[in-house]
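Notes for the structure review
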There are 2 protein chains.
Amino acid sequence: MDVLNGKWKIAIISSICYYNKRRFSDILNDVVGISNKMLSKELKELEINKLVKRTVLNTQPITVQYELTPHGLTLQTIISNLTEWGIAHRKEIVGE
Amino acid sequence: MDVLNGKWKIAIISSICYYNKRRFSDILNDVVGISNKMLSKELKELEINKLVKRTVLNTQPITVQYELTPHGLTLQTIISNLTEWGIAHRKEIVGE
DNA sequence: CAGTATCCAAAGGGATACTG
DNA sequence: CAGTATCCCTTTGGATACTG
């Protein structure tokens, strides 16, 4: 079930989702701690799973934009549920 | 957010959840492919996160029962959502 | 800019054997 | 039965340098 493996996937999706469209180097900045190698790899996996769409813009030098596919947008609910649960979980753990 | 890391966590929770109470060796059988070392480790983590409760029964030889805590039960919704999404995802991927 | 390639240390995790 | 301990191979992922 874990198309979302690798600790970065959710952060990457969140970044793209927040800005709607996002360039490679921008995501690199958004997701603190990630290396270009990892970002490249994770994006490739997301693309294979049809969660993000990759479009090359013919600028000079070239830039690449990533955006969520309709199917990728489907994840929003899941992710926000997870986030919500995570917050509740923190309270549960530290609360005692 | 990933208290559910390690590829086994969800399977373990599902096993316990399905049977309500479940012994160590039973979970070992339910979750195909897991080693006792991993099961032990994962259960320990789940216990630390207060998702499962561990109770030692004074039988001979001793048996140990695991069950979900109220807080652990909270995950059910999340997991079923994930499962549901996973199924839809499969269709999306293989469908084309 | 958007990656790819290489190197390498650390973590993950299987198999097996052992203990109370 | 319910683990723990050890060995050891595999995977993960960071740092850095390089390419079109």
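Remember, it's a predicted structure, so these values are computed and weren't measured experimentally.

1. Examining the sheet that holds strand β2 (residues 52-57) of chain B
Residues and elements named next belong to chain B. Reading across from one edge, β1-β3-β2 is the order of the 3 strands in this open sheet, with antiparallel pairing throughout. This sheet does not close on itself; its edge strands, each paired only once, are β1 (21-23) and β2. Along the sheet, successive strands turn relative to each other by an average axial angle of 30°, direction set aside. Here β1 runs beside strand β3 (residues 63-68); their pairing, made up of 3 bridges, is antiparallel. The residue bridging Lys21 from the neighbouring strand is Glu67, located in β3.

2. Quick notes on the protein's contact with DNA strand D
Around DNA strand D sit 20 residues, and of these Lys37 of chain A together with Ser25, Ser40, Arg54 and Tyr66 of chain B come closest. For DNA strand D, the fraction of atoms within 4 Å of the protein that belong to sugar or phosphate moieties is 62%. The side chain of Asn36 of chain B places a nitrogen or oxygen atom 3.2 Å from a base oxygen of DNA strand D. Between a phosphate oxygen of DNA strand D and a side-chain N or O atom of Arg54 of chain B, the distance comes to 2.6 Å. When residues of the surface near DNA strand D are traced back to their parent elements, those giving at least two are α3 (36-48) of chain A together with α2 (24-30), α3 (36-48) and β3 of chain B. Looking at the surface near DNA strand D residue by residue, the class counts come to 7 nonpolar, 6 polar and 7 charged.

3. A short note on the UniProt feature "domain: HTH hxlR-type" (unreviewed entry) in chain A
Those places that UniProt annotates as "domain: HTH hxlR-type" (unreviewed entry) correspond, in this numbering, to residues 1-94 of chain A. Helix makes up 59% of residues 1-94 of chain A and strand 16%, with an end-to-end C-alpha separation of 29 Å.

4. Quick notes on the packing of helix α1 (residues 9-19) of chain A against helix α5 (residues 75-94) of chain A
Residue and element names in this part refer to chain A. The N-to-C vectors of α1 and α5 enclose an angle of 120°; their axes lie 12 Å apart at closest approach. With respect to their mutual orientation, α1 and α5 come out oblique. Pair α1 / α5 crosses with left-handed handedness. Between α1 and α5, the contacting residues are Ile10, Ile13 and Cys17 on the first element and Leu75, Gln76, Ile79 and Leu82 on the second. A per-class count over the contact of α1 with α5 returns 6 nonpolar, 1 polar and no charged.

5. Structural notes on unusual backbone geometry
Glycine aside, residues mostly have negative phi angles, and peptide bonds mostly take the trans form. All names here are of chain A. Following Gln60, the chain continues to Pro61 via a peptide bond in cis, the omega torsion being 0°. Mapped onto the fold, Pro61 is located in the loop between β2 (52-57) and β3 (63-68). The backbone phi angle of Lys50 is positive, close to 60°, even though this residue is not glycine. Residue placement: Lys50 occurs in the loop between α3 and β2. Residue Lys50 is classed as partly exposed on the basis of its relative accessible area, which comes to 25%.

6. With respect to the relation of the copies chain A and chain B
The operation relating chain A to chain B is a screw motion whose rotation component is 180°, with 0.0 Å of axial translation and a residual RMSD of 0.1 Å. What the superposition gives is, in effect, a two-fold axis relating one chain to the other. Within chain A, Ile78 of chain A has its C-alpha nearest the rotation axis, a separation of 3.8 Å. A symmetric contact is evident, with 100% of the interface residues of chain A recurring at the interface of chain B.

7. Some points on the pairing of β2 of chain A
A regular strand places its side chains so that they alternate between the two faces of the sheet. All names here are of chain A. The pairing of β2 with β3 spans 6 bridges and is classified as antiparallel. Following the sheet pairing, Thr55 is matched in β3 by Gln65. The hairpin formed by β2 and β3 contains 5 residues between the paired strands.

8. Some details on the protein's contact with DNA strand C
The local shell around DNA strand C holds 20 residues, among which Ser25, Ser40, Arg54 and Tyr66 of chain A together with Lys37 of chain B are the closest. In DNA strand C, atoms within 4 Å of the protein come 63% from sugar and phosphate. Here a base oxygen of DNA strand C sits 3.2 Å away from a polar atom, N or O, in the side chain of Asn36 of chain A. Tyr66 of chain A is positioned such that a nitrogen or oxygen atom in its side chain is 2.5 Å from a phosphate oxygen of DNA strand C. Contributing elements (two or more residues each) for the surface near DNA strand C: α2 (24-30), α3 and β3 of chain A together with α3 of chain B.

Conventions adopted
- Chains are numbered independently. Their residues run from 1 in the order of the written sequence.
- Starting at A for chains and at 1 for ligands, labels are handed out in the order in which the entities are written.
- For a predicted model such as this one, the threshold for reporting local features is a pLDDT of at least 70, and the threshold for listing and counting side-chain atom pairs is 80 or more; totals across whole chains, interfaces and linings nevertheless cover every residue.
- Values reported for side chains reflect all heavy atoms of the structure, with hydrogen atoms and water molecules removed beforehand.
- Strands are treated as partners if at least two bridges between them are detected by DSSP.
- Helix and strand labels come from DSSP, where a helix needs a run of H or I of at least four residues and a strand needs a run of E of at least two; each type is numbered from the N terminus.
- Inter-axis angles, ranging from 0 to 180 degrees, are taken between N-to-C directions of lines fitted to C-alpha atoms, where helices are fitted over the stretch in contact.
- Proximity is defined per residue: any heavy atom of the residue falling within 4 Å of a molecule or strand makes that residue near it.
- Here a polar contact means two N or O atoms within 3.5 Å. Within protein one must be a hydrogen donor candidate and the other an acceptor candidate, and residues neighboring in sequence count only if both atoms are side-chain atoms.
- Here the term charged refers only to Asp, Glu, Lys and Arg, the term nonpolar to Ala, Val, Leu, Ile, Met, Phe, Trp, Tyr, Cys and Pro, and the term polar to all other amino acids, Gly among them.
- UniProt positions are given in the numbering used here, feature names are shortened, and annotations may be inferred rather than shown by experiment.
- Reported orientations rely on four angle classes, namely roughly parallel under 35 degrees, roughly antiparallel over 145, roughly perpendicular from 65 to 115, and oblique for the rest.
- Left-handed is the label given to a crossing in which the near helix is rotated counterclockwise from the far helix by less than a right angle, and right-handed is the label when the rotation is clockwise.
- Any two residues whose heavy atoms approach within 4.5 Å at even a single point are treated as in contact.
- When accessible area is computed with a 1.4 Å probe and restricted to protein chains, residues below 20% of their type maximum are described as buried, those above 50% as exposed, and intermediate ones as partly exposed.
- To line up the copies, we fit them by least squares on C-alpha atoms, keeping just the residues with pLDDT of at least 70 in both.

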